[in-house]
Amino acid sequence: MNTSLPIRAVSDAVCVAPQMTPESMAEVAALGFRSVVNNRPDFEHGPDQPTSAAIEAAARAAGLEYRFLPVSGGYQSPEEIAAFGALLAELPMPVLAFCRSGARSTRLFMAATQA
């Protein structure tokens with residue numbers, strides 16, 4: 001994968017990344033991703049963080065499916081893990097999930113696929 005985006009594969013069909021921007025959605029689509037999952041709550045970092053709505057609009061304009069599943073960085077509940085697993089089952093692959101650093105998206109993926 002030749003990209004300037006800091007994307008890391010956690011499986012053959014799922015990758016994780018730190019905070020994505022509306023401007024990065026066209027490149028995400030060009031890389032072959034079909035879906036994006038945002039695991040970062042709006043305004044977690046303050047007003048400079050792009051909102052889910054702005055990223056969703058850019059993702060949909062680029063032809064991507066988009067889902068917003070905001071979870072805390074410190075704890076992901078069994079319900080949130082199950083919701084992430086359900087998204088993986090329903091969304092077109094490959095999927096790019098992102099949060100602040102990529103760590104909570106990785107934890108969600110690992111927990112959801114261990115069941």
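To keep things clear, this report deals only with the structure shown in the data block. Residue numbering note: each chain is counted from 1, following its sequence as written. The predicted nature of this model means local features are confined to residues of pLDDT at least 70 and side-chain atom pairs, given and counted, to a pLDDT of 80 or more, with totals for whole chains, interfaces and linings taken over all residues. Calculated side-chain values reflect all of the structure's heavy atoms, with hydrogen atoms and water omitted.

**Overview of the pairing of strand β5 (residues 95-98)**
- Here β5 shows no split at all, with V95 and A97 on one side and L96 and F98 on the other all buried.
- Pairing geometry for strand β2 (residues 14-17) and β5, over 4 bridges, is parallel. From the neighbouring strand, V16 faces β5, where its bridge partner is A97.
- DSSP bridges decide pairing: two strands pair if at least two such bridges lie between them. Note on conventions: DSSP H or I runs of at least 4 residues are helices, E runs of at least 2 residues are strands, and numbering of each starts at the N terminus. Pairing geometry for strand β3 (residues 35-38) and β5, over 4 bridges, is parallel. For every residue, the accessible area obtained with a 1.4 Å probe (protein chains only) is divided by the maximum for its type, and the residue is called buried under 20%, exposed over 50%, and partly exposed between those limits.

**Some thoughts on the side chain of Q76**
- Mapped onto the fold, Q76 is located in the loop between β4 (65-68) and α3 (78-90).
- Residue class for Q76 comes out buried when judged on its relative accessible area of 12%.
- Only heavy atoms matter for contacts: two residues are in contact if any of them lie within 4.5 Å across the pair. What Q76 contacts, discounting residues up to four positions off in sequence, is V71, I81, R104, R107 and L108.

**Things to note about helix α2 (residues 52-61)**
- The set of residues buried in α2 consists of S52, I55 and A59. Buried residues of α2, viewed axially, fall in a sector of 70°; they line one side. Exposed and oriented more than 90 degrees from the buried face of α2 are A53 and A61.
- Among the structural elements, α1 (25-30), β3, β4 and β5 are those in contact with the buried residues of α2. What the arc describes is the spread of directions from the helix axis to the C-beta atoms.

**Some details on α3**
- Here α3 spans 18 Å end to end across 13 residues, near enough to the 18 Å set by a 1.5 Å rise per residue.
- Among all positions of α3, only F84, L87 and L88 are buried. Looking straight down α3, one finds its buried side chains confined to an arc of 100°; they lie on one side. Exposed and oriented more than 90 degrees from the buried face of α3 are P78, E79 and A89.
- Buried residues along α3 sit in contact with β2, β3, β4, β5 and α4 (103-113). Multiplying 1.5 Å by the helix residue count minus one yields the expected span of that helix.

These values are about where atoms sit, not about what they do.
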